[in-house]
Amino acid sequence: MPPVVESIARTASPLVESLGRIRLQERLRFLYEFARDPRSTGAIGPSSPELAEAMVRDMGLESADLVVELGAGTGAFTTAILDELAPETRFMVMELNPRLAASLERDFAHEGVDVVCASAEALCRHLDASEVGRVDAVVSSLPWVCFSSALQHAILREIRRALRPGGRFCTFAYAHAAWLPSGVKFRRELRAVFPECEILPIVWRNLPPAFIYRCER
Ligand SMILES: C[S@@+](CC[C@H](N)C(=O)[O-])C[C@H]1O[C@@H](n2cnc3c(N)ncnc32)[C@H](O)[C@@H]1O
């Protein structure tokens, strides 16, 4: 094998291995939703287990009373979050797409996950209706760069309002898009609402590679 091909194969093999861990059915369901509505779905496939692990790390989930996930899709992060939670922790998932919300309900309701089919803009309204109090951690994979500035701002304010002081919020961005105007604009908006925000190293084993913003209220 020519050295350059060998080098590409060596570099790509962990990514291929990682993608192989995502179930085919999950990938097809995601692709179907992307074809129907690319802007709202925001990605061509589910996030990798490696990105899921990085998202839940250091979020304080093991001691949380109430955790919220926004934009759960086919549940790539839902499983990783559930693995961290104590049995009595309340866990609410918001997903706008009714087909994805129905499949999340099928896959996770029996584990006590409260699946809400609604936009993240309505987060506080749903929390108030459930009388559950403030949130300890919000894990989001919303497709921010597909949103208008007004929607970004409204949802970020909603997340801040939902969190207890000291509560944590994480979200990810695709590395290649971070320096495009839409990515820069989102980062500015994010920092305006969450001045306490750090950027974590790129997770290469994800398609496309992504990095995480971890913020604190
Ligand atoms: C990039 S996908 C992430 C899915 C999954 N968490 C993952 O990482 O594989 C974004 C998800 O956010 C959902 N979504 C888009 N806009 C939303 C909104 N305003 N409120 C709640 N969910 C939304 C989409 O339907 C989609 O399932």
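Note that the coordinates shown come from a computational prediction; the quantities given were computed from them, not determined experimentally.

Conventions we followed
Residues numbered from 1 in each chain as written. Predicted model: local features only at pLDDT ≥ 70, side-chain atom pairs only at ≥ 80, totals over all residues. Heavy atoms only, no water. Helix = DSSP H or I, 4+ residues; strand = E, 2+ residues; numbered from the N terminus. Buried < 20%, exposed > 50% of the residue type's maximum accessible area, 1.4 Å probe, protein only. Areas by Shrake-Rupley, 256 points an atom, 1.4 Å probe, with all protein chains shown as cover. Near = heavy atom within 4 Å. Polar contact = N/O pair within 3.5 Å; in protein donor to acceptor, adjacent residues only side chain to side chain. Pairing = 2+ DSSP bridges. Right-handed = clockwise from strand over helix to strand, strands pointing away. Patch = residues over 30% accessible without salt bridge, like charges linked within 9 Å, V, L, I, M, F, W, Y side chains within 5 Å. Salt bridge = Lys/Arg side-chain N within 4 Å of Asp/Glu carboxyl O. Lys, Arg positive; Asp, Glu negative; His and termini not counted. Charge placed at Lys NZ, Arg CZ, Asp CG, Glu CD. Contact = heavy atoms within 4.5 Å.

**Some points on the overall build of the protein**
Thinking step 1. Counting secondary structure elements, the protein contains 9 helices and 7 strands.
Thinking step 2. Here the protein, with 217 residues, has 47% of them falling under the buried criterion.
Thinking step 3. On the protein, roughly 11000 Å² of surface is accessible, and the fraction owed to carbon and sulfur atoms is 56%.

**Section: the site of the ligand**
Thinking step 1. Of all residues adjacent to the ligand, which total 22 residues, the nearest are Ser 47, Gly 71, Glu 95, Ala 120 and Ser 141.
Thinking step 2. The separation between a nitrogen atom of the ligand and a polar main-chain atom of Leu 96 is 3.3 Å.
Thinking step 3. Here a nitrogen atom of the ligand sits 2.9 Å away from a polar atom, N or O, in the main chain of Ala 120.
Thinking step 4. For the ligand, the accessible surface in isolation is 600 Å², of which the surrounding protein chains cover 98%.
Thinking step 5. Contributions of two or more residues to the shell around the ligand are made by helix H3 (38–41) and helix H5 (76–84).

**Re the pairing of strand S5 (residues 163–174)**
Thinking step 1. Relative to S5, strand S4 (residues 135–140) runs parallel, the two being bridged by 5 bridges. Residue Ala 137 lies in a different strand from S5, and its bridge partner there is Arg 168.
Thinking step 2. Following the chain from S4 across helix H8 (residues 149–162) to the adjacent parallel S5, one finds a crossover that is right-handed.
Thinking step 3. Alignment of S5 against strand S7 (residues 210–216), held across 7 bridges, turns out to be antiparallel.

**A short note on a negative patch on the surface**
Thinking step 1. Negative charge collects at one region of the surface, where Glu 62, Asp 83, Glu 84 and Glu 111 lie side by side.
Thinking step 2. Secondary-structure assignment places Asp 83 in helix H5.

**Let's talk about the environment of Arg 214**
Thinking step 1. With respect to the helices and strands, Arg 214 occurs in strand S7.
Thinking step 2. Once the C-alpha coordinates of Arg 214 and Phe 194 are considered, the two residues, 20 residues apart in sequence, prove to be 9.5 Å apart.
Thinking step 3. Excluding its chain neighbours within four sequence positions, the residues that come into contact with Arg 214 are Arg 57, Asp 58, Met 59, Phe 169, Cys 170, Glu 196, Cys 197, Glu 198 and Leu 200.
Thinking step 4. A distance of 3.4 Å separates a polar side-chain atom of Arg 214 from the backbone oxygen of Arg 57.

**A closer look at the side chain of Thr 41**
Thinking step 1. Within the fold, Thr 41 resides in helix H3.
Thinking step 2. Thr 41 sits in the buried class, given a relative accessible area of 18%.
Thinking step 3. Of the polar contacts made by the side chain of Thr 41, one reaches the backbone oxygen of Glu 33; its length is 3.1 Å.

**A word on the pairing of S4**
Thinking step 1. Judged by how many residues are buried, S4 sits mostly within the fold: 6 of 6 residues are covered.
Thinking step 2. One ladder, built from 4 bridges, connects strand S1 (residues 66–70) with S4; its direction is parallel. Opposite Val 68, over in S4, you have Val 138 as the bridge partner.

All we've got here are geometric facts, nothing functional implied.
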